[in-house]
Structures are given as C-alpha cells and as structure tokens.
Amino acid sequence: MEMLSGSHPPPHTFNNSGEGARAVPLAGHVGFDSMPDQLVNKSVNHGFCFNILCVGETGLGKSTLMDTLFNTKFEGEPTQHNQPGVTLKSNTYELQESNVRLKLTVVNTVGFGDQINKEDSYKSIVEFIDAQFEAYLQEELKIKRTLHSYHDTRIHACLYFIAPTGHSLKSLDLVTMKKLDSKVNIIPIIAKSDAISKSELAKFKIKITSELVSNGVQIYQFPTDDESVAEINSTMNSHLPFAVVGSTEEVKIGNKMVKARQYPWGTVQVENENHCDFVKLREMLIRVNMEDLREQTHTRHYELYRRCKLEEMGFKDTDPDSKPFSLQETYEAKRNEFMGELQKKEEEMRQMFVQRVKEKEAELKEAEKELHEKFDRLKKLHQDEKKKVEEKKKSLDDELNMFKQKKTAAELLQNQAQQAGGSTTLKRDKERKK
Amino acid sequence: LYFSFDYKFKNLEGYVGFANLPNQVYRKSVKRGFEFTLMVVGESGLGKSTLINSLFLTDLYSPEYPGPSHRIKKTVQVEQSKVLVKEGGVQLLLTIVDTPGFGDAVDNSNCWQPVIDYIDSKFEDYLNAESRVNRRQMPDSRVQCCLYFIAPSGHGLKPLDIEFMKRLHEKVNIIPLIAKADTMTPEECQQFKRQIMKEIQEHKIKIYEFPETDDEEEMKMIRKIKDRLPLAVVGSNTIIEVNGKRVRGRQYPWGVAEVENGEHCDFTILRNMLIRTHMQDLKDVTNNVHYENYRSRKLAAVTYNGVDNNKNKGQLTKSPLAQMEEERREHVSKMKKMEQEMEQVFEMKVKEKLQKLRDSEAELQRRHEQMKKNLEAQHRELEEKRRQHEEEKANWEAQQRILEQQKLDASR
C-alpha cells in the first residue's frame with residue numbers, strides 16, 4: 001500500500017503478480033495513469049523531510065560541507081576540541097526549491113574523536129539514533145495516533161567523515177561504523193580531500209574499501225533495481241568513498257563565480273568533477289537517492305529496531321503451536337502475564353505480614369508469660385515472708401502469754417505471802433527452829 | 001529558521017537538487033504499482049456491473065465472470081474480484097467488492113451486516129499485519145470507496161438507503177449514486193438530487209467530501225461538482241455510433257443516451273473524480289481516518305478490557321503497552337499504600353499490646369510494693385511490741401529481784 005511520502009511508505013512491497021488477479025485489457029483511456037501524479041501532488045503539498053547525521057572528528061569540515069551541499073549558511077560556531085564527551089546537536093531548517101518544501105535536520109557529533117579514551121564515543125551516537133526510532137515506535141503504538149502529521153526525526157543518511165590521512169581507516173572509524181551499519185545508511189566520505197594527491201587518493205580509496213569489507217561493515221549501496229537509475233547508481237557505487245571538498249567562498253574562474261578554495265599553487269573548484277567528488281555526492285545524496293534513503297531507513301533499519309524491541313518485550317508472532325497470534329491475543333497474554341506477577345507479589349506481601357503478626361504475637365505472649373512468672377515468684381516469696389512474720393508474731397504472743405502467766409503467778413504468791421502476814425515468815429522461822 | 005530559495009534567479013551552481021524529490025517519488029511509485037479496492041452496493045438491476053465496466057473500460061463482468069445481479073443469492077454475500085490493469089506504464093491492481101443479494105429480499109433487516117463485517121475484517125487483517133513483530137508483505141485489501149446505488153424512484157431515499165449509509169459512513173468513503181439516470185428528465189433529476197441531499201443532511205450522514213485545496217481553479221471545480229451531488233450515472237457495455245463518433249451509450253427509439261456526455265448524465269464527473277483526481281485521496285482518507293478510527297476503538301477495547309471507557313477517553317493517546325505500564329505502576333503504588341496501612345495497623349496494635357503489658361506490670365509491681373510495705377509495717381510493729389515486752393519484762397524482773405532482796409533482808 002502506498003502512503004504519502006510526507007509520512008512514510010509502510011513496509012509493503014506490492015505483489016506485482018497480483019495473486020488471484022487476472023489481467024484484463026482496457027478498451028480505452030481510463031485515466032488511472034494519473035495515480036503517480038496524484039501521489040506526487042499530495043506529497044508536495046504535504047512537504048518532505050530529511051535528516052542527515054554527520055559523524056566525524058572536530059575540524060573535518062562537516063559544517064562547511066553541509067553549507068556547501070545545501071547552498072546556505074547553517075547556524076553554528078566551530079567547536080573547540082575540549083569537549084568531555086560526544087554530544088549530538090541537531091538543527092532543523094525549512095528549505096524550499098521550486099515548489100518543493102523540505103524540512104531538513106542536520107545533526108552534528110560534537111567532540112567526536114577528541115577524548116583520550118574513545119571507547120564510548122560511539123555510544124551517544126547509537127543512543128541518539130535509537131531514540132529517534134523509539135519516538136517513532138511510540139507514536140506508532142499509540143491508541144490514538146497521528147502518523148500522518150508526525151515530524152519524522154529518524155536519521156535517513158549518515159555521512160561518515162574520514163580524516164584525509166591517506167593511509168587507512170582509524171580504529172575509531174571502524175568501531176563506530178560497525179556499530180552504526182545496522183542502524184543507519186552510512187555514506188563514507190573522505191573529508192578535506194584537497195590535502196591528498198590524486199595518486200594517493202586512489203590508493204586511499206582502495207584501502208578504505210577493503211578495510212570496510214574485511215571488517216564486515218555494511219555501507220549504503222545506491223540501489224540498482226530501478227532501470228532508470230541503475231546505471232548511474234552502479235557507477236557511483238564504485239566511486240565510494242566520495243572524496244569531497246567543501247567551501248562557501250566564491251572565486252572568479254573565467255567569467256563565472258564558483259565555489260572554490262584558493263591556494264598559491266592553484267584553485268580547487270568544489271563543483272569540478274576532476275577536482276573532487278562533491279558533485280557526485282550531491283547527485284547521489286540529494287538528486288537521485290534521497291527518497292530511497294528515506295525508504296531504506298523506514299523499511300529496513302526501523303523495522304529491525306522495532307522487531308528487536310518487541311521481541312525484547314516478549315512479543316511473538318506465533319504461539320507455541322505455531323499458530324499466529326491475533327493482536328488481541330498478544331495483548332491479553334501480556335496483560336495476563338503481568339497481572340499474574342502482580343497478584344503473586346501481592347500474595348507474597350500478605351504472607352509476609354501474616355508471618356510478622358504471628359511472630360510478634362508469640363513474642364508478646366512470651367513476655368506476658370515471663371511477667372506472670374516473675375510476679376508468681378514474688379508472690380511466693382512474699383507469702384513465705386508473711387508466714388515467717390506470723391510465726392514470729394505467734395512466738396512473741398506465746399512469750400507474752402508466758403510472761404503474763406508468770407507475772408500473774410508471782411503476784412498471786414506475793415498476795416498470799418502478804419495475807420499470811422508473818423505466817424509465811426513464821427512458817428519460815430518455825431522451820432528454822434525445828 | 002526559514003531559508004527561501006528561488007531557483008529561477010540563481011545560476012546553476014545555486015541549484016541544490018531536492019526539487020527532484022517528487023520525480024524520485026514518482027519513479028518509485030510506478031515501480032511499486034498501485035492498488036485500489038472499490039465496493040459496489042445496491043439492489044440488483046440497478047446497473048452496477050455495467051457501470052463498473054464503463055468506468056474501467058473493460059469487461060470486468062462478462063459471461064465467464066458474471067456480475068452480481070446474475071448470481072442468484074438467497075442471502076447477502078460479499079464477494080471480491082481482482083483484476084490487473086495497466087495503462088501508460090502504470091499498473092493497477094483493482095479489487096471490486098460486490099454485495100449480491102443486498103436489498104433484494106422481502107425482509108432486508110440487517111442486510112448491511114455482512115457488509116460491515118467484511119469491511120471490519122479487512123481492517124482487522126491490516127491491523128494484525130501491522131502489529132506483527134515481523135512485518136513484510138502487508139497486503140492492503142481495505143475497502144477504499146463504496147459506490148452506493150440509489151434507485152431512480154424520483155421521490156427520496158428509501159429507509160434501507162438511510163439505514164445503510166448511517167451505519168457505514170464512519171467505516172468507508174461513501175459515494176452515493178443515482179443509478180439509471182436516463183429514466184429521469186433533467187428537472188426530475190434535479191429535484192431528486194435536492195431531496196436526497198436534504199435527507200442526507202437531516203440524518204447527519206457523512207458522505208465522502210472532497211478535500212479543500214489552496215488552488216482557486218481546483219476549488220471552483222470542486223464546488224461545481226458539489227452542486228451536482230449525488231451524481232446521476234448511466235452505464236453501458238455497448239458502443240454506438242453517434243454523429244460519426246463511436247460512443248458508449250444506450251440506444252432508444254428516441255435517441256441515444258451517451259454515457260460520457262455531460263449533459264446526459266454525470267458519469268464523466270464520477271470517472272474523473274474517482275479515478276483521475278481523487279483516487280489517492282480516497283485511499284488516504286481510508287487509511288488516516290476510517291482505519292485509524294477502527295484501530296483506536298479496537299485497541300482501546302483490548303487495553304481497557306471491561307474498564308469503563310468514559311473515564312479513560314482523555315488518555316487514548318497512549319499505546320496499549322504504555323497503558324499496561326501505567327496500570328502496573330498504579331497497582332504497585334496501590335500495593336505500597338496497602339502495605340503502609342497494614343504496617344500502621346500492625347504498629348498500632350503492637351503498641352497497644354505493649355502498653356497493656358506495661359500497665360499490667362506496673363499494677364503488679366504496685367501491688368507487690370504495697371504488700372511489701374504492709375509486711376514491713378507488721379515487722380516493725382512486731383519489733384516494737386517485742387521491745388516493749390522486753391522492756392516491761394526487764395522492769396518487772398528488776399522489780400522482782402528487789403522484792404526478793406527485801407525479803408531476804410527481812411528474814412535475817
């Protein structure tokens with residue numbers, strides 16, 4: 001199915017054989033040959049968008065090349081070399097050429113290659129690219145979505161700037177390109193190529209290409225399936241990587257003003273195909289394959305990201321019996337799964353609480369028991385004491401009684417003695433006289 | 001930031017080249033090919049097959065592949081025929097969906113249901129294909145336009161017409177047509193059209209609308225077409241010679257009704273609009289409006305699964321996954337709150353119990369102290385008593401000794 005190019009062609013390749021369809025001749029001009037025009041008119045009305053990522057060390061002329069390619073001065077100051085890490089800065093511009101409106105976003109890697117330890121340099125780039133895929137995926141998954149008016153920020157082309165050393169690729173280049181080649185269309189270019197002589201350049205290109213091949217780096221190939229552009233694309237593929245020179249300064253050559261860089265020994269003309277591959281880059285990137293770059297991003301790179309992301313989240317296309325899932329089943333399965341998890345967690349929490357309550361109750365019961373035991377002991381002690389006191393009391397009472405008796409007896413005796421007057425005395429005397 | 005660039009006034013070196021984008025799009029679309037699914041609905045005998053043949057200048061329906069009216073059905077069927085046509089290097093896979101039996105029964109209640117089911121099932125197929133993890137070939141068989149044939153009664157819409165259109169206007173682009181327009185005079189036709197449009201508005205039926213454009217010329221043309229809605233058409237499978245020209249038409253004793261004559265009927269307007277100018281828009285509206293409506297309803301049902309839809313109406317922008325994530329988070333926070341509450345209750349109960357324990361301990365302690373004090377008092381009392389007794393005893397004994405001494409002294 002075709003959708004507006006302003007939005008994106010969905011991953012559909014029309015089955016030309018048209019299964020189950022019979023070809024019928026037409027008895028006259030029906031008029032559906034206007035379909036491509038209808039489609040194009042809608043796209044033009046809607047406007048186009050294109051996003052370029054420039055990856056390369058500071059000072060390789062990324063900004064200048066963008067200015068030269070799009071014939072304008074994009075904003076931005078040249079960056080210093082002292083960035084602590086790699087950040088990505090993006091700017092969006094509305095350009096118009098003839099009746100075609102283009103929303104162009106240029107993303108620059110700031111600080112790439114400036115650090116001493118470059119092991120993580122590629123990470124922020126990969127994260128950025130993935131973030132754009134993620135944003136699109138989120139929009140695509142929404143219940144109420146507006147894909148038609150969504151501003152697509154996915155990177156359609158990555159220009160990888162290779163330093164014009166003339167020898168080989170740096171290991172940073174190989175590592176980075178290897179991390180990016182399954183996520184974005186990479187177009188490698190040799191920057192500031194006016195620093196390399198013609199013979200060195202040929203060798204350099206061969207070296208680079210062989211290193212890319214031997215390291216399994218997949219760079220973007222200009223498509224050769226459409227006869228109208230197959231030839232030129234195939235020729236251009238053999239000129240990769242493009243050796244470019246950028247300049248916004250103009251120099252008078254003959255009676256024309258041309259973009260050029262002036263040296264004492266001559267003038268490098270940017271748009272002279274004998275001097276550099278700038279025109280080839282512009283042809284391929286903008287004039288011939290811009291739409292293909294957008295399509296590849298959508299149907300290949302984005303689909304790969306989406307597939308990996310969904311698989312990560314546990315989505316599958318077929319159930320264990322290899323029967324296809326319907327959307328409903330998939331979501332219901334997911335929901336049941338996570339509901340089950342939640343219920344399990346809830347149950348665990350309850351159990352834990354029940355356990356704690358039991359433990360605490362036992363603790364408290366134990367404390368209560370101890371308390372009662374303590375006081376039972378004290379009670380017993382107290383009772384023993386009480387008994388002792390009572391015994392003492394009793395013995396004292398006995399003593400008191402005894403004394404009282406003694407006293408009473410003695411008093412009685414005394415009274416008797418006194419009564420007997422001297423009888424007691426007499427008796428005593430008598431006893432003595434005897 | 002806005003950078004404007006006018007190609008006409010800059011020399012060739014100023015040319016960037018993205019003005020060529022439309023050509024790239026053109027090239028790729030031709031390579032891909034096009035497809036279109038057209039549904040025709042109406043009672044039998046209204047000339048639907050003939051009109052299709054006339055529109056596409058082909059024998060889509062022929063003795064080998066008869067049109068729907070020739071296939072006698074007891075109930076409403078929905079059938080599709082696919083043909084591949086090519087013109088000017090452009091390939092079109094055309095699917096015509098028929099509904100034989102529609103409106104032909106005595107009791108036509110629910111005869112629209114198979115049509116609704118068919119359209120929904122195509123939406124569902126597309127939704128499932130779009131939602132797969134591995135997406136490759138995504139065949140698009142969604143119905144992009146429905147030509148609804150109104151019988152030329154001259155009076156107004158039938159209840160069945162209204163019922164059908166009301167039920168389908170939010171699922172498919174409906175283009176109502178007055179069939180067999182050559183049975184009415186221009187005045188009758190005018191009146192009939194006015195009546196139909198009035199009823200369509202009364203019943204708030206949304207038929208396919210032409211999109212607005214900035215182009216003045218185009219808008220003028222569109223307004224002219226709007227005045228002639230619904231389009232009154234005539235179709236024909238036969239070619240007749242009129243004034244030396246070979247035209248499609250219907251031969252009557254009193255003349256020839258020409259299919260492509262704008263004064264005879266609106267066929268040309270229909271063909272131009274349906275095929276030559278608005279085919280892409282019909283597809284876009286199907287994709288961006290009707291399909292999206294279906295999809296969001298379907299996904300909301302899957303996501304909210306029995307939860308009251310009304311309170312969630314504002315949240316429909318999320319994806320079902322995000323919705324599930326939010327539900328999960330809500331559940332987790334609910335659980336946390338429950339955990340906290342349970343914790344609080346637990347602490348409170350423990351505190352109560354401990355307090356009770358302490359109170360009981362204090363009480364017991366107090367009692368113990370009390371008893372101890374009592375005992376000590378008793379002890380002291382006893383001691384005092386004993387002391388007194390000892391004192392008394394000592395005194396008395398001393399006294400007795402004195403008395404004894406006195407006695408002894410007296411006896412000498």
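Computed from a predicted model, the values in this text were never measured in an experiment.

**Observations regarding the sheet that holds strand E10 (residues 255–258) of chain B**
Residues and elements named next belong to chain B. Spatial ordering of the open sheet is given by E8-E9-E10, a layout of three strands whose pairing is antiparallel. Both outer strands of the open sheet, strand E8 (239–242) and E10, are each paired with one neighbouring strand and no more. Averaged over all pairs of adjacent strands, the angle between strand axes in this sheet comes to 70°, irrespective of strand direction. Examined bridge by bridge, E8 and strand E9 (residues 245–252) share four bridges and lie antiparallel to one another. Counterpart to Val242 in the pairing with E9 is Lys245.

**Looking at the pattern of salt bridges**
Working definition: two side chains of opposite charge can pair if their charged atoms are close together. On inspection of all chains with the given rule, the structure shows 55 salt bridges over all chains. The partner of A:Glu273 in a salt bridge is A:Lys280, and the shortest N-O contact between them spans 3.4 Å. On the basis of relative accessible area, A:Lys280 is assigned to the buried category, the value being 10%. Between A:Glu346 and A:Arg350 there is a salt bridge; the shortest N-O distance is 3.0 Å. One end of the pair, A:Glu346, and the other, A:Arg350, are both in helix H9 (residues 327–419), four residues apart, so they sit about a helical turn from each other. What makes A:Arg350 partly exposed here is its relative accessible area of 34%. Here the residues in one salt-bridge network are A:Glu140, A:Glu303, A:Arg306 and B:Arg135, joined through shared partners.

**A closer look at helix H5 (residues 186–202) of chain B**
All names here are of chain B. Its 17 residues place the ends of H5 24 Å apart at the C-alpha level, agreeing with the 24 Å of an ideal helix rising 1.5 Å per residue. Among the residues making up H5, those that are buried are Cys189, Phe192, Lys193, Ile196, Glu199 and Ile200. Axial view of H5: buried residues confined to an arc of 130°, hence all on one face. Structural note: H5 exposes Glu187, Gln191, Arg194 and Gln201 on the side pointing more than 90 degrees away from its buried face. Turning to H5, the residues buried within the fold contact strand E5 (145–150), helix H4 (159–168), strand E6 (174–178) and strand E7 (231–232). Positive phi shows up at Lys204, right after H5, with a value of about 55°.

**Brief notes about the interface of chain A and chain B**
With 133 residues of chain A at the interface, the matching set in chain B holds 128 residues. Both sides of the chain A and chain B interface together cover about 13100 Å² of buried area, and 61% of this is carbon and sulfur. Looking only at chain A, the three residues that lose the most surface to chain B are A:Arg22, A:Glu97 and A:Ile143, adding up to 7% of its buried area. In this structure, the connection of chain A to chain B is made through 17 salt bridges. A salt bridge links A:Glu303 to B:Arg135, with the nearest nitrogen and oxygen atoms 2.5 Å apart. Here chain A and chain B share 48 residue pairs in polar contact (both at pLDDT 80 or more) between them.

**Considering the packing of aromatic side chains**
Here a ring pair, both rings aromatic, is described through the centre-centre distance and the interplanar angle of the planes. By the definition in use, this model includes 18 aromatic pairs over all chains. Ring geometry for A:Phe222 versus A:Phe242: centroids 6.0 Å apart, planes at 15°, classification stacked. Of the two residues, A:Phe222 sits in the loop between helix H5 (198–214) and helix H6 (227–237) while A:Phe242 sits in strand E7 (residues 242–243), which places them 20 residues apart along the sequence. The exposure classification of A:Phe222 matches that of A:Phe242, with both residues buried. Both rings, one in A:Phe353 and one in B:Phe346, keep their centres 6.4 Å apart while their planes meet at 80°; by these two values the pair is edge-to-face. Taken as a pair, A:Phe353 in helix H9 and B:Phe346 in helix H9 (residues 320–411) lie in two separate chains rather than in one. On the basis of relative accessibility, which here comes to 11%, the residue B:Phe346 falls in the buried class. In textbook terms, an aromatic cluster arises when at least three aromatic residues are bridged by ring pairs, as seen for A:Phe133, A:Tyr136, A:Tyr150, A:Tyr302 and A:Tyr305. One residue, A:Arg154, lies across the ring of A:Tyr136, its end atom 3.6 Å from the ring centre.

**A few points about the sheet that holds strand E1 (residues 22–23) of chain A**
Pairing within the open sheet is mixed, and its seven strands lie in the order E1(A)-E3(B)-E4(B)-E2(B)-E5(B)-E6(B)-E7(B). Each end of this open sheet is capped by a strand with a single partner; those strands are E1 of chain A together with E7 of chain B. Judged from the two bridges that link them, E6(B) and E7(B) form a sheet pairing that is parallel. Looking at E7(B), one finds that B:Ile178 is bridged to B:Ala232. Helix H3 (residues 113–131) of chain B rests against strand E2 (34–41), strand E3 (79–87) and strand E4 (90–98) of chain B of the sheet, and its axis sits at about 165° to E2(B).

Cut-offs applied
- Residues numbered from 1 in each chain as written.
- Chains lettered and ligands numbered in written order.
- Predicted model: local features only at pLDDT ≥ 70, side-chain atom pairs only at ≥ 80, totals over all residues.
- Heavy atoms only, no water.
- Pairing = 2+ DSSP bridges.
- Helix = DSSP H or I, 4+ residues; strand = E, 2+ residues; numbered from the N terminus.
- Axes fitted to C-alpha atoms, helices over the stretch in contact; angles between N-to-C directions.
- Salt bridge = Lys/Arg side-chain N within 4 Å of Asp/Glu carboxyl O.
- Buried < 20%, exposed > 50% of the residue type's maximum accessible area, 1.4 Å probe, protein only.
- Expected span 1.5 Å × (residues − 1).
- Arc of directions from axis to C-beta.
- Contact = heavy atoms within 4.5 Å.
- Buried area = accessible area lost by both parts, 1.4 Å probe.
- Polar contact = N/O pair within 3.5 Å; in protein donor to acceptor, adjacent residues only side chain to side chain.
- Phe/Tyr/Trp six-rings, centres within 6.5 Å; stacked < 30°, edge-to-face > 60°.
- Lys NZ or Arg CZ within 6 Å of the ring centre and 35° of its normal.

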